[in-house]
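# Descriptive structure summary
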Amino acid sequence: MMSEKKIKKTVVSGIRPTGNLHLGNYFGAVRSFLKMQHDFNCYFFIADIHSLTTHPTPANLQAGVRQVLAEYLACGIDPEAATIFIQSDVPEVTELYTYLNMNAYLGELERTTSFKEKARTQPDNVNAGLLTYPVLMAADIIIHKANYVPVGKDQEQHLEMARTFANRFNRMYHHKLFPAPKPFTFDGKDMIKVPGLDGSGKMGKSSGNGIYLYEDPADIRKKVMRAVTDAGPTEMNQVKPEPVENLFTLMKIVSAPETVEYFENQYNSCQIRYGDMKKQLAEDIIAVTTPIRERILELVNDSEYLGKVARMGAEKARESAVRTLTEVRELIGLRKLY
Ligand code: TYM
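Here's a quick rundown of the structure. Since we're looking at a predicted model, the values are computed, not measured.

Conventions adopted
- Residues numbered from 1 in each chain as written.
- Predicted model: local features only at pLDDT ≥ 70, side-chain atom pairs only at ≥ 80, totals over all residues.
- Heavy atoms only, no water.
- Axes fitted to C-alpha atoms, helices over the stretch in contact; angles between N-to-C directions.
- Helix = DSSP H or I, 4+ residues; strand = E, 2+ residues; numbered from the N terminus.
- Parallel < 35°, antiparallel > 145°, perpendicular 65-115°, else oblique.
- Left-handed = near helix turned anticlockwise from the far one by under 90°.
- Contact = heavy atoms within 4.5 Å.
- Nonpolar A, V, L, I, M, F, W, Y, C, P; charged D, E, K, R; others polar.
- Salt bridge = Lys/Arg side-chain N within 4 Å of Asp/Glu carboxyl O.
- Buried < 20%, exposed > 50% of the residue type's maximum accessible area, 1.4 Å probe, protein only.
- Near = heavy atom within 4 Å.
- Polar contact = N/O pair within 3.5 Å; in protein donor to acceptor, adjacent residues only side chain to side chain.
- Areas by Shrake-Rupley, 256 points an atom, 1.4 Å probe, with all protein chains shown as cover.
- Pairing = 2+ DSSP bridges.
- Right-handed = clockwise from strand over helix to strand, strands pointing away.
- Core = buried A, V, L, I, M, F, W, Y, C linked by side-chain atoms within 4.5 Å.

### So, the packing of helix α2 (residues 58-75) against helix α12 (residues 274-299)
Two numbers describe how α2 lies on α12: the axes approach to 8 Å, and their chain directions differ by 135°. On the basis of the axis angle, α2 is oblique to α12. Between α2 and α12 lies a crossing of right-handed hand. Only I292, R295, I296 and L299 of α12 make contact with α2, whose side of the interface consists of Q67, A70, E71, L73, A74 and C75. For the contact of α2 with α12, the residue count by class is 7 nonpolar, 1 polar and 2 charged.

Structure representation (structure tokens):
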């Protein structure tokens, strides 16, 4: 009799170890990791090679990797269910990156939004790693033949490029080796962007507007109470200015629908008290972060456990990467003469 066992689809996603995880990372990515880990064949990693574009010191890099690993686990990613690993533990990724670079063109790389943004904001460090960042990311994804990639809206273009590079390789070598990786979102709707509370833009590690999972409740309350708003609506059903819209966006992500509805009604009838809204928002954020924070504090100094998880993940991830690389080399024609 045929086995009834369904083959699980594969999922890959990563986070750079450039700072502690914030609400953007959690709601844009990690929450989906938790939802997917038991139903899919998951690879979640720490993108330490990607973080080298900003030249961290060796000590900072190591501390960052350790911190993100502890935070992944503290969020509830189960190393027995998902493969959790560190990117640099799987050198096959950089080999695939080299091959993909041969078919990645200067024009398309230069047109990438994140590259243009970095070239503008850090003109003294426009390195080749930044230019080919989407190629390395494609290698991360397709080396495990991923079907889905749970990421936030800011990674949409990179993911589109991963599909381009995967399809291009398949076409070039006349073989459907790589599936086209698709975005995955928590609620099956659009990819999300968690806003910062400083008036505009997204929450980011380097924007100084992050609310972090490890933060203690008093600090979170302070940050939320300082969020930018305005003098309040003067007309019924007035369109919200961006800072106020952002406050509502965050509330829609962390609070119950009735809570959002209550404050929407208050806003639309010009009765809103932003202080009350912020107090509620802070408490709803704290309800998410508190259990995670406690586990981060427990885990971050448990070197033995972190080491064990990293070793186990490296072994599993390498096994899958080596398998793909063997096929890749064969297709390209890199065959041994001995
Ligand atoms: P990184 O480290 O900047 O962010 C990690 C994850 O968090 C999401 N994210 C957000 N989502 C919503 N709103 C926000 N404000 C917000 N800020 C961050 C990101 O979308 C991402 O999912 N290039 C990637 C790392 C990477 C990767 C990969 C991801 C390397 N290789 C392969 C997926 C697959 C990055 O820099 O993410």
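### Structural notes on the pattern of salt bridges
One pass over the full model with this rule turns up 15 salt bridges. One salt bridge connects E156 with K153, and the closest N-O pair in it is separated by 2.9 Å. Its relative accessible area of 31% is what places E156 among the partly exposed residues. Note that E264 and K240 form a salt bridge whose closest N and O atoms lie 2.9 Å from each other. Here E264 is found in helix α11 (residues 257-268), whereas its partner K240 is found in the loop between α9 (217-225) and α10 (242-254), with 24 residues between them in sequence. A relative accessible area of 17% places E264 in the buried class. One network of salt bridges, in which partners are shared, links K240, K252 and E264.

### Examining the side chain of T289
In this structure, T289 sits in helix α12. The exposure class of T289 is buried, given its relative accessible area of 1%.

### Here we look at the site of the ligand
As a matter of local geometry, the ligand sits amid 27 residues, with R16, Y133, D140, D154 and V194 nearest to it. For the ligand, a nitrogen atom lies 2.7 Å from a polar atom in the side chain of D140. The side chain of K205 places a nitrogen or oxygen atom 3.2 Å from an oxygen atom of the ligand. Isolated, the ligand exposes 710 Å² of accessible area, and the fraction of that covered by the protein chains is 98%. Residue composition of the shell around the ligand, by class: 12 nonpolar, 9 polar and 6 charged.

### Some words on the pairing of strand β1 (residues 10-15)
Among the 6 residues that make up β1, 5 are buried, leaving the element largely enclosed by the rest of the structure. As paired strands, β1 and strand β2 (residues 41-46) are joined by 6 bridges and run parallel to one another. Looking at β2, one finds that I15 is bridged to I46. Following the backbone out of β1, through helix α1 (residues 23-36) and into the adjacent parallel β2, one traces a crossover that is right-handed.

### Digging into the nonpolar core
Judged by nonpolar contacts, the single largest core of 61 residues is most densely connected at Y72 and I285. Considering each element in turn, this core owes the most residues, 10 residues, to α12. Ignoring anything within four residues of it in the chain, the contact list for Y72 reads S13, G14, I15, F33, F44, F45, I46, I77 and I84. By size, the runner-up hydrophobic cluster in this structure holds 41 residues, among which are L131, V135, L136 and F169.

### Looking at the environment of D187
With respect to the element layout, D187 can be found in the loop between β5 (182-184) and α9. Given a relative accessible area of 45%, D187 falls into the partly exposed group. Considering only alpha carbons, one finds D187 and L109, 78 residues apart in sequence, at a separation of 31 Å. Reaching out from D187, the side chain makes a polar contact with the backbone nitrogen of K189 at a distance of 2.9 Å.

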